[in-house]
Amino acid sequence: MTGCIFCEIAARNIPARIVYEDDLAIAFEDINPQALVHILIVPRKHIATALEIGDADQALIGHLFQMGAKIAQNKGIAEKGFRLVMNTNADAGQTVFHIHLHLLGGRSMHWPPG
Ligand code: 5GP
Ligand code: ZN
């Protein structure tokens, strides 16, 4: 989608530190990391928020979680633990309206989150 920063990164029009990519999704380092490991897992398909995920997207969402788990293993944080988080709308702090999973790890985290 024109003007969407994550569509632009997926199309490689805007640079990012890409960790992994396939035909369905792309994973790259967050520009403002909140943990030692902070990677965004982004579907190539533009979906604005979790509220727009449709029946046809179910396999895609599962794929994002599998990709996050594999990257966590590759980064060596799987055993100690990690989070896969999708923020939705203002109260959750969503700032980019193209869905993405945050993979966070490499430090211990609090619950509930702030
Ligand atoms: P949200 O707040 O929508 O859940 O997460 C958006 C995330 O995207 C933030 O953690 C922010 O640091 C990251 N981000 C925003 N713009 C860019 C960018 O241009 N490049 C990268 N790599 N990350 C970005
Ligand atoms: Zn987009």
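The rules behind these values
- Residues numbered from 1 in each chain as written.
- Chains lettered and ligands numbered in written order.
- Predicted model: local features only at pLDDT ≥ 70, side-chain atom pairs only at ≥ 80, totals over all residues.
- Heavy atoms only, no water.
- Donors = N, O, S within 2.8 Å, 3.2 Å for Na, K, Ca; no water.
- Tetrahedral: all angles 85-135°; square planar, octahedral: opposite > 155°, others 65-115°.
- Helix = DSSP H or I, 4+ residues; strand = E, 2+ residues; numbered from the N terminus.
- Buried < 20%, exposed > 50% of the residue type's maximum accessible area, 1.4 Å probe, protein only.
- Salt bridge = Lys/Arg side-chain N within 4 Å of Asp/Glu carboxyl O.

### Re the coordination of the zinc ion (ligand 2)
Distances from the zinc ion (ligand 2) to its protein donors, namely C4 (SG), C7 (SG), H46 (ND1) and H98 (ND1), fall within the range 2.0 to 2.3 Å. Note that the zinc ion (ligand 2) binds 4 donor atoms; their angles at the metal cover 106 to 117 degrees, and the shape is tetrahedral. In terms of primary sequence, the donors binding the zinc ion (ligand 2) are separated according to C-x2-C-x38-H-x51-H. In this pair, C7 sits in helix α1 (residues 5-10) while H98 sits in the loop between α3 (89-92) and β5 (101-105), placing the two residues 91 residues apart along the sequence. Given a relative accessible area of 12%, C7 falls into the buried group. Owing to a relative accessible area of 0%, H98 belongs among the buried residues under this scheme.

### Brief notes about the pattern of salt bridges
Enumeration over the complete set of coordinates arrives at 4 salt bridges. For D57, the salt bridge goes to K45, with nearest N and O atoms at 2.6 Å. Here D57 is found in the loop between β3 (37-43) and α2 (58-74), whereas its partner K45 is found in the loop between β3 and α2, with 12 residues between them in sequence. Residue classification places D57 among the buried residues on the basis of a relative accessible area of 6%. Take K45: its relative accessible area is 42%, and that puts it in the partly exposed class. Overlapping salt bridges bring together R12, E21 and R44 as one network.

Without other data, these values stay purely geometric and don't point to any function.
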